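# Descriptive structure summary
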Amino acid sequence: QVQLVESGGGLVQPGGSLRLSCAASGSILHMGWHRQAPGKERELVAAIPSGGSTNYADSVKGRFTISRDNRKNTVYLKMNSLKPEDTAVYYCNARNIYEHDYWGQGTQVTVSS
């Protein structure tokens, strides 16, 4: 079974940057990031399949960058020009060859002055 360990969340001022990391144990193919703000449903932020292509939510396009290191089985989310609206719990997601999804514990990102 896949286990995901996230890191990099924290408090940052508007306009600042953070980099999230998610290390996976076990065999996975696709990885991505979702977030859930208070009172909101969980939404896709960015995804990157094993082939290396990327997909971003419109709200973060141009500001966030997802990448992965297949040798380390790790996915990253570089977040620039952060806005208060980006405040949420960010969850790492991984999918195995059977299209079963695994989730990290979540890491809090708070954007506030």
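Our subject is the structure that appears above.
This section reports on the structure supplied with the text. (Residues numbered from 1 in each chain as written. Predicted model: local features only at pLDDT ≥ 70, side-chain atom pairs only at ≥ 80, totals over all residues. Heavy atoms only, no water.)

## Points about the pattern of salt bridges
Short version of the rule: Whenever a carboxyl oxygen of Asp or Glu lies within 4 Å of a side-chain nitrogen of Lys or Arg, that contact is scored as a salt bridge. In this text, helices come from DSSP runs of H or I with a minimum length of four residues, and strands from runs of E with a minimum of two, each type numbered from the N-terminal end. The buried label applies to any residue whose accessible area, calculated with a 1.4 Å probe on protein chains only, is under 20% of its type's maximum; exposed applies above 50%, and partly exposed to all values in between.
In total, this model carries 5 salt bridges according to the counting rule given. Ionic pairing is found between Asp 86 and Arg 35, a salt bridge with its closest N-O pair at 2.9 Å. With Asp 86 in the loop between β8 (74-79) and β9 (88-95) and Arg 35 in strand β4 (residues 30-36), this pair connects stretches of sequence that are 51 residues apart. The class for Asp 86 is buried, based on a relative accessible area of 2%. The partner of Arg 95 in a salt bridge is Asp 101, with the nearest N and O atoms 2.8 Å apart. Look at the salt bridges and you will find they share partners, linking Arg 35, Glu 43, Arg 63 and Asp 86 into a network.

By themselves, these figures tell us nothing about what the structure is for.
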